[in-house]
Amino acid sequence: MRTTRIRSAALAAATAALLIGGLATVPAAAAPDSGKKPGASATLHDLARAQGRYFGSAVDNPELDDAPYADLLGSEFGQTTPGNGMKWYATEPQRGVFDFTAGDEIVDYARANGLKVRGHTLLWHSQLPDWLTSGTWSADELRSILRNHITKVVKHYRGKVFAWDVANEIMNEDGTYRENIFYKTLGPGYIADALRWARAADPKVKLYLNDYNVEGTGPKSDAYYALIKQLKADRVPIDGFGMQAHLALQYGFPSQMRQNIQRFANLGVDVAITELDIRMLLPADQDKLAQQADWYGQVTDACLAVKRCVGITLWGYSDRHSWIPGVFDGEGAALPWDDNLHHKPAYDAIRKALRD
């Protein structure tokens, strides 16, 4: 396995911020339940697989240097998502010059450990290279740039990833389109174009839209529901919807999460929980950890209740490498393992939900 690591200041800054978001080909869902429950030593992925799902965790390249962390990732989970290595600033740092070092390292790690890989992300308003954001582009120029980027990246990873977050965080909280560089220059049609170009580059990969604060019902999830419904009507290739699920105890659990997952599934698309963590105001205490555990169980139950909810991915599995303290001052303790890679009550709640 290659041991090259990205050490640039850009990646270090991106890792600290990670602004809520981004092997052989295998199906989006794991094998169906065989009727036999896994034993007490079963991993989270073993338990999820018995339910016809996958259970995974994101990872960023520097974390692979932490051998105990990387070893547990490879043994406990069945899927991973590169935290930064497939984003635009990493894959096309100069116009027309592509660098797949970071993404390839995680794909190599995944192959060596039997994990499948979710591609993240082809277009996003953040972590774009300076050459792109500082340029003044006509619509034709930017469309050509976007098409070339998507085509080159998707072709490079064809057969190596099972799904792509094609467009990430394209809606505002009120359900209007985010005015990113693509929307302002190309209008909302860039989303359908991106999906079509991704499909042309890899006819077999699953294509997703992905966002946060869409787990419950509300203006933002309503906007995605309407968009996906329209894309389906227009025969634009769209296979799934990713609910990031960056939750926080102080804001309450998403209303009607199971029903919301079901209504997207009813559109004929898969749903995945793509970036799950549940943060709290520090310091953590027994009551907060118990509430967090209950929420992790509720998210797992909501996914299991809907046949087309294909899997759950934690955004890193341990507080040891969580992005949250660097972004949300005074918050953290968001993941099922603590800084020392010890289980928290959340881990047991997930196991219970997967076994029941």
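Residues numbered from 1 in each chain as written. Predicted model: local features only at pLDDT ≥ 70, side-chain atom pairs only at ≥ 80, totals over all residues. Heavy atoms only, no water.

With that settled, the discussion passes to the confidence of the model for the protein. Here the protein shows a mean pLDDT of 91. Residues at 70 or above account for 90%. Contacts for the low-pLDDT stretch residues 1-35, under 50 throughout, to residues beyond four places or in other chains number 97 contacts. (pLDDT = per-residue confidence, 0-100. Contact = heavy atoms within 4.5 Å.)

Compared with the 26 Å implied by 1.5 Å per residue over 18 residues, the 26 Å span of helix 7 (residues 139-156) between its first and last C-alpha is a close match. Every buried residue of helix 7 is listed here: L142, I145, L146, H149, I150, V153 and V154. Buried residues of helix 7, seen end-on, are gathered within an arc of 140° and therefore sit on one face of the element. Turning to helix 7, the residues buried within the fold contact helix 4 (88-91), strand 3 (116-123), helix 6 (130-133), strand 4 (163-168), helix 8 (181-186) and helix 9 (189-201). (Helix = DSSP H or I, 4+ residues; strand = E, 2+ residues; numbered from the N terminus. Expected span 1.5 Å × (residues − 1). Buried < 20%, exposed > 50% of the residue type's maximum accessible area, 1.4 Å probe, protein only. Arc of directions from axis to C-beta.)

All right, on to the state of the cysteines then. Tallying each qualifying case throughout the model produces one disulfide. Bridging C303 to C309, the disulfide has an S-S length of 2.2 Å. Residues C303 and C309 are joined through a disulfide that is left-handed, its torsion about the S-S bond being -105°. Comparing C303 with C309, the two get one shared label, buried. (Disulfide = S-S within 2.5 Å.)

Counting 103 residues, the largest nonpolar core has L132, W164, F182, L209 and I273 as its most contacted members. Looking at this core element by element, the count peaks at eight residues for helix 9. Ignoring anything within four residues of it in the chain, the contact list for I273 reads M243, Q244, A245, M257, I261, V299, C303, C309, G311, I312 and T313. Counting six residues, the second largest nonpolar core, distinct from the first, contains Y54, F162, A163 and V310. (Core = buried A, V, L, I, M, F, W, Y, C linked by side-chain atoms within 4.5 Å.)

Further remarks concern the pairing of strand 9 (residues 309-314). The buried fraction of strand 9 amounts to six of the six residues, a majority that puts the element mostly inside the structure. For strand 8 (residues 270-281) and strand 9, the ladder comprises four bridges, and the chain directions are parallel. What sits directly across from L276, in strand 9, is L314. At this point the chain moves from strand 8, through helix 12 (residues 286-304), to the parallel strand 9, and the crossover so formed is right-handed. (Pairing = 2+ DSSP bridges. Right-handed = clockwise from strand over helix to strand, strands pointing away.)

Here the focus is the packing of helix 12 against helix 13 (residues 345-355). When two helices pack together, you describe them by how their axes are tilted relative to each other and by the distance separating the axes. Contact pair helix 12 / helix 13: the axes reach a minimum separation of 8 Å and the direction vectors enclose 25°. As summarised for this structure, helix 12 and helix 13 are arranged roughly parallel, according to the angle between their axes. For the pair helix 12 and helix 13, the crossing hand works out as right-handed. Facing L289, Q292, A293, Y296, G297, T300, D301 and L304 of helix 12, the residues of helix 13 in contact are P345, A346, A349, I350, A353 and L354. The residue makeup of the contact of helix 12 with helix 13, split by class, is 10 nonpolar, three polar and one charged. (Axes fitted to C-alpha atoms, helices over the stretch in contact; angles between N-to-C directions. Parallel < 35°, antiparallel > 145°, perpendicular 65-115°, else oblique. Left-handed = near helix turned anticlockwise from the far one by under 90°. Nonpolar A, V, L, I, M, F, W, Y, C, P; charged D, E, K, R; others polar.)

With that settled, the discussion passes to the packing of aromatic side chains. For the structure on display, the rule yields 19 aromatic pairs. Taken together, a centroid distance of 5.0 Å and an interplanar angle of 80° make the contact between Y317 and W337 edge-to-face. Of the two residues, Y317 is situated in the loop between strand 9 and strand 10 (331-332) and W337 in the loop between strand 10 and helix 13; the sequence distance between them amounts to 20 residues. Judged by centre distance (5.7 Å) and plane angle (70°), the rings of W323 and F328 are edge-to-face. The same class applies to W323 as to F328, namely buried. Every member of this aromatic cluster is reached through a ring pair, and the members are F55, Y69, F77, Y317, W337 and Y347. Across the ring face of F162, the terminal group of K116 is positioned such that the distance to the ring centre comes to 4.2 Å. Directly above the aromatic system of F328 lies the positively charged group of R279, at a separation of 3.8 Å from the ring centroid. (Phe/Tyr/Trp six-rings, centres within 6.5 Å; stacked < 30°, edge-to-face > 60°. Lys NZ or Arg CZ within 6 Å of the ring centre and 35° of its normal.)

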